[in-house]
Structures are given as C-alpha cells and as structure tokens.
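# Structural overview for review
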Amino acid sequence: MPDLFLAAGAPAVQRCERCGATWPELDATATCRDCGGLLDIVLPAPSVHGAALLSRFGGRCCTHPGSEASGVWRFAELVMPGAAAHVTHPEGNTPLLQRRAVQAYAGVADLRLKHEGHNPTGSFKDRGMTVAVTHAVRVGATAVACASTGNTSASLASYAAHAGLPALVLVPRGQVAMGKLTQSLAYGATTLLVDGDFDDCLRLVREASTELGVYLANSVNPWRVEGQKTIALEALQQLGWDAPDWLALPAGNLGNTAAMGKALREAHALGLIARVPRLLAVQAAGAAPFAASFADGFATRTTVRAETIATAIRIGAPASWDRAVRAIRETNGVVTAVTDDEILDAKAVIDAAGVGCEPASAASVAGVRKMREAGVVGAEARVVAILTGHVLKDPGILVRYHQEMDPAPPRANRPVEIAAKLADVERVLKSRAR
Ligand code: F0G
C-alpha cells in the first residue's frame, strides 16, 4: 500500500476518493471541489512504527491534564498530527466489558463490549467531533452545522459550545429520541426540526454548507472519520494489540464502518497488528440497503424509505457507501440485518446485565447472535461488539418496552403498584423469590 501514508513530517492532505484530486489539510471544503466526491485523509507516516509507536501510545495513557488524556488525541499521529491545540473534553477511554449473560445470549464466550456510551455526550460521536471541531477552529470557521438522527447533533452542540462556535443542527421532526434532542437544546445549538427524514436533513445541510458557508460536521467530513478510527485503536490497545477475530458494529450512514476499515488498514500497514479482524456491520431490517447490496456482492446500490425503532440508524440513503464497501471488502467483512424485535430483545439482555445501551447499539450484539446461529461467527471466536450509545439516550423506548407494550415483551420488567404497606412489599418479594 504505497500511498497509504505521506512522507513523515509532511502536512496531511484531503484526497478525493473518486477523482484523486488533493486539497490541503486546512481547506474547509466538505467534498471534492472538482467532482463532489468524498474526501479521504492521507496522513504523514508516523516517525516511528510498530513497537516503538505502540509504546508511545501506551505511555500517554492516564496522563493528566492535557489532551493526551483523551482516548482520541492519545493516537494523534493517526488522527491529526498537525493540530497544536485540541477542542477536547477529553473523550474516549471507554471500557471493554465482559458480561456472562450477554456472552451466553450471543453464543460467543469471548465477546467483549466496547461501550462508547461512556463518552462525554453519551455516544461514540464525540470521538469524531473533537477532531472535526478542532479542524473547524483551525480553518477559522464562524459556525458549524450537521444533520443528525440525534447523537451527532448532541455531540456537535457540546463541542461547539466548548469551542465558542455557534452550532446549527437539523433533525427529522418527531424521529429523534428524547435524550438526544434535549441535549442539543441544553448545549445551546440552534435546533431545526425538519419536516422530513434524516436523508432530507443531510441533503439540506450539505446545500447549506455549500451555499451559506457553514462548516459541515457530518461524517462525510473526513476528519470525523479520523477521530472515529480511535474506537478500534483503543479497543486494540486494551487487547494488548492482539487483534480479535471480529469487530461488530451497528451501521446507518456508514461513517463508522468506513472509519473502522481505515483504522484497521492503517494499523496493519504500520505493523501495530499482525492480522486484520473481520468487520460485522449490522443494519436494522427496515433500514438495510447496505445489507441488501452486500447480499448481491455490492453489484447494486439502492436506497430505501427507512423505518425502525432504532431511530439512530433510521437511514435509507447512507452517505459513506463507497468507503464502507471498501472497509467490508478489505476486512473480508459481513453485513447483515436484524429485526426490531431482535434489537429490542438483545437490548433487554444488555440492559438487564447492568450495562445498558440505546436501541441501535444493541444491533451489534443481535447481529453477532444471528451470525453465530448461522455459523458465520464461530463459538470460539474472539469478538468485540461496539455499543455506540448510552441507555438514557432513548428513555421513551424503555417506558414503552417495560411499562406500556401490550402484550408485554418477553423481557419486560413491569413495575408493581402497591399500597404504602409493608405487607404489600412482602407479598411482592415472595412472588419474586428465586
Ligand atoms: N449507533 C448510534 C447510536 C448512532 O447514533 C449511529 C449514527 C450509528 C450507530 C450508526 O453509525 O451512521 O456511522 O453508520 N448516528 C448518526 C447521527 C447518523 O446523526 O447521530 P453510522
């Protein structure tokens, strides 16, 4: 892979994935100025490789204060080496959890959960956003904007407030989980409730960024991808750089799938890992154009009118399509889809294990279980599943699942109303005794 990195010490460039044109690191354009294609960041090669680079990363763990404490900027050489200052909370440093109940449910004994809900705004988006907003400041942006199903907007609102930049967020009206919408309002973003779906919001904000000159912070922005790569880098570091067999993640707009592919490609080229894990990208069945395309060898590309309870991934025309195809091909990856019932069931298991996640996140575990049952993932496989968002992002679905759905779903934990009497407490305790 001769052109994977530039010469050490060179400034990064933004290279068009379609026509190959390159643009300087500090060009604020969201897409290629020549052909409109998506841009890919080409970084300078780190000055050291292999074990020397790993020990540099390792030495920065747990440092305080400063941005090296961030689980993103610890890997600065592989993110944005040219930035002298960072807009950071910090972020990352999320746990890799092992829970027997979830392992048993998935049928994989060595399943670990990379819980990105532990980020400052409760989702993995903070990893890309610290980099995009740092870039926005470096290029002198006067305002930042994004379209979102809720998490990107919450994250952008927070990082923009931190940087002192006005933020504009466009979300589909009535389709954003309550935890996420209220975050955008609380962090002070100008919040537009668009009469349309996410795909309409993205089209609109891309037009706004071109016509009105606001800095576009969606994951079509290649710097977002650079930050999100650190989910994989940090998980690999936590595993002692002994790569797992599979890395499973929910897939919507496909920015994260693309980011995982780039992270693994670069980590392998630099000798940080001896082999590349296979990606397992999991879509919601009602929003699964990428899974459908995978099934025919990516011969066709379709869009769908998306519908799923996992509103984070309710996306019918994924923007990072070509990048994600490359990620799946290069990692010998698999794309599958799971139903809303499978998502809710997996989520109930993850939640009841005391871990908790939002609905879209549970798609990763549901996908591992499904692929285990299909014999694609082996029982002995070492698997990391990414939980992308926090359980409190979507309280509405919890109320529906546990209190309102009729008949009650299999794992509903109905609250019990009682009189203010000890006898009632005792009666309930006895009925629940195991
Ligand atoms: N999981 C969660 C919790 C998300 O919020 C998203 C995307 C994904 C998975 C899928 O990642 O789009 O890179 O394939 N949320 C975006 C947003 C679309 O606006 O917050 P993807």
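Along each chain, numbering runs from 1 in the same order as the chain's sequence is written. pLDDT decides what is reported in this predicted model: residues at 70 or higher carry local features, side-chain atom pairs at 80 or more are listed and counted, and totals for whole chains, interfaces and linings draw on all residues regardless. Only heavy atoms go into the side-chain values, all of them from the structure, while hydrogens and water stay out.

## Focus on the overall build of the protein chain
Selection criterion: What counts as a helix is a DSSP run of H or I of at least four residues, what counts as a strand is a run of E of at least two, and both are numbered from the N terminus. Both definitions apply: the radius of gyration is a C-alpha atom measure, and the globule rule equals 2.2 Å times residues to the power 0.38. Only protein chains enter the calculation, and the probe is 1.4 Å; a residue is then buried if its accessible area is under 20% of its type maximum, exposed if over 50%, and partly exposed in between. Residues count as neighbours in contact if any of their non-hydrogen atoms are within 4.5 Å of one another. Areas reported as accessible are Shrake-Rupley estimates using a 1.4 Å probe. Residue values count occlusion only from the protein chains shown. Lys and Arg are tallied as positive, Asp and Glu as negative. Neither His nor the chain termini are counted. Charged side chains are reduced to one point each, which is NZ for Lys, CZ for Arg, CG for Asp and CD for Glu.
Within the protein chain one finds 14 helices and 13 strands. Its C-alpha atoms give the protein chain a radius of gyration of 21 Å, within 12% of the compact-globule value 22 Å for 434 residues. C-alpha extents for the protein chain along the principal axes are approximately 75 × 50 × 45 Å. Evaluated residue by residue, the protein chain yields a buried proportion of 59% over its 434 residues. Sequence-distant contacts in the protein chain: of pairs separated by 6 or more residues, those separated by 24 or more amount to 69%. Accessible surface, the protein chain: about 17,100 Å² in total, of which carbon and sulfur atoms supply 53%. Of note, the protein chain has its 43 positive side-chain charges centred 3 Å away from the centre of its 41 negative side-chain charges.

## With respect to the packing of aromatic side chains
Two aromatic rings, taken as a pair, are described by how far apart their centres are and by the angle between their planes. Where we set the bar: Between the rings of Phe, Tyr and Trp (Trp by its six-membered ring), a pair exists once the centres lie within 6.5 Å; its type follows the angle of the planes, with under 30 degrees stacked, over 60 edge-to-face, and the other angles tilted. Placement of a charge over a ring requires the Lys NZ or Arg CZ to be within 6 Å of the ring centre, with the centre-to-atom vector within 35 degrees of the ring normal.
Counted by the stated rule, this structure contains 5 aromatic pairs. Members of the aromatic cluster, each reached through a chain of ring pairs, are Phe290, Phe294, Phe298 and Trp321. Directly above the ring of Tyr105 sits Arg369, whose terminal nitrogen or CZ lies 4.0 Å from the centroid.

## What to know about the pattern of salt bridges
Note the following rule: In what follows, salt bridge is the name for a side-chain nitrogen of Lys or Arg lying within 4 Å of a carboxyl oxygen of Asp or Glu.
This structure, assessed with the given rule, holds 32 salt bridges. Asp200 is the partner of Arg203 in a salt bridge, and the nearest nitrogen-oxygen pair spans 3.3 Å. On the criterion of helical spacing, the pair formed by Arg203 and Asp200 is a turn pair, its members being 3 residues apart in helix α6 (residues 198-212). For Arg203, a relative accessible area of 43% gives the class partly exposed. We note a salt bridge from Arg301 to Asp322, for which the minimum N-O separation is 3.8 Å. With a gap of 21 residues between them, Arg301 in the loop between α9 (289-295) and α10 (321-330) and Asp322 in helix α10 connect regions that are remote in the sequence. Exposure remark for Asp322: the relative accessible area of 53% places this residue in the exposed category. In this structure, a network of salt bridges that share partners links the residues Arg74, Lys114, Glu116, Arg127 and Glu234.

## Concerning helix α13 (residues 395-404)
Under the convention used in this document: Directions are taken from the helix axis to each C-beta atom, and the arc is the one they span.
Of all the positions in α13, only Ile397, Leu398, Tyr401 and His402 are classed as buried. An end-on view of α13 places all buried positions within 105° of arc, on one side of the element. In this structure, the buried side of α13 is in contact with α11 (340-352) and α12 (359-373).

## Describing the packing of α11 against α13
Put simply, the rule reads: Axis angles are defined between N-to-C directions and span 0 to 180 degrees, where every axis is a line fitted to C-alpha atoms and, for a helix, only to the segment in contact. Roughly parallel here means an angle under 35 degrees, roughly antiparallel means over 145, roughly perpendicular means 65 to 115, and every remaining angle is called oblique. Here the nonpolar group is Ala, Val, Leu, Ile, Met, Phe, Trp, Tyr, Cys and Pro; Asp, Glu, Lys and Arg are the charged ones; every other residue, Gly included, is treated as polar.
Remark: α11 packs on α13, axes separated minimally by 12 Å, with the N-to-C direction vectors making an angle of 95°. Comparing the axis directions of α11 and α13 gives the class roughly perpendicular. Between α11 and α13, the residues in contact are Leu344, Asp345, Lys347, Ala348 and Asp351 and Ile397, Leu398 and Tyr401, respectively. Residues of the contact of α11 with α13, tallied by class, amount to 5 nonpolar, no polar and 3 charged.

## Remarks on the site of the ligand
Applied cut-off: Put simply, a residue is near a molecule or strand once any heavy atom of it comes within 4 Å of that molecule or strand. Throughout this description, a polar contact denotes any pair of N or O atoms lying within 3.5 Å of each other; where both atoms belong to protein, one of them has to be capable of donating a hydrogen while the other can accept it, and for residues adjacent in sequence the pair is counted only when both atoms sit in side chains.
Residues in contact with the ligand amount to 20 residues; listed here are only the nearest, Ser148, Thr152, Gly252, Asn253 and Thr388. Between the ligand and Ser148 there is a distance of 2.7 Å, counted from an oxygen atom to a side-chain nitrogen or oxygen. At 3.1 Å from an oxygen atom of the ligand is found a main-chain nitrogen or oxygen belonging to Gly255. Contact with the protein chains covers 98% of the free accessible surface of the ligand, which is 480 Å². Every element with two or more residues in the shell around the ligand is listed here: α4 (151-163) and α8 (255-269). In terms of residue class, the shell around the ligand is built from 8 nonpolar, 10 polar and 2 charged.

## Quick look at the sheet that holds strand β6 (residues 144-147)
For clarity, the threshold we go by: The criterion for strand pairing is that DSSP finds at least two bridges linking the strands in question.
The parallel open sheet is built from 4 strands, whose spatial order is β8-β7-β6-β9. At either end of the open sheet lies a strand with only one pairing partner, and these are β8 (190-194) and β9 (215-216). Sheet analysis places β6 next to strand β7 (residues 167-172), joined by 4 bridges and oriented parallel. From the neighbouring strand, Cys146 faces β7, where its bridge partner is Val169.

## Describing a nonpolar patch on the surface
Heads up, the condition is: Like-charged residues are merged into a patch within 9 Å and nonpolar side chains (Val, Leu, Ile, Met, Phe, Trp, Tyr) within 5 Å, provided each residue has over 30% relative accessible area and no salt bridge.
Taken together, the side chains of Val416, Ile418, Leu422, Val425 and Leu429 present a nonpolar region at the surface, about 480 Å² in accessible area. One can find Ile418 in the loop between α13 and α14 (422-432).

## Looking at the side chain of Ser123
For Ser123, the position within the fold is in the loop between β5 (110-115) and α3 (125-138). Take Ser123: its relative accessible area is 0%, and that puts it in the buried class. The residues touching Ser123, leaving out its near neighbours within four places in the chain, are Glu116, Gly117, Asn151, Thr388, Gly389 and Lys393.

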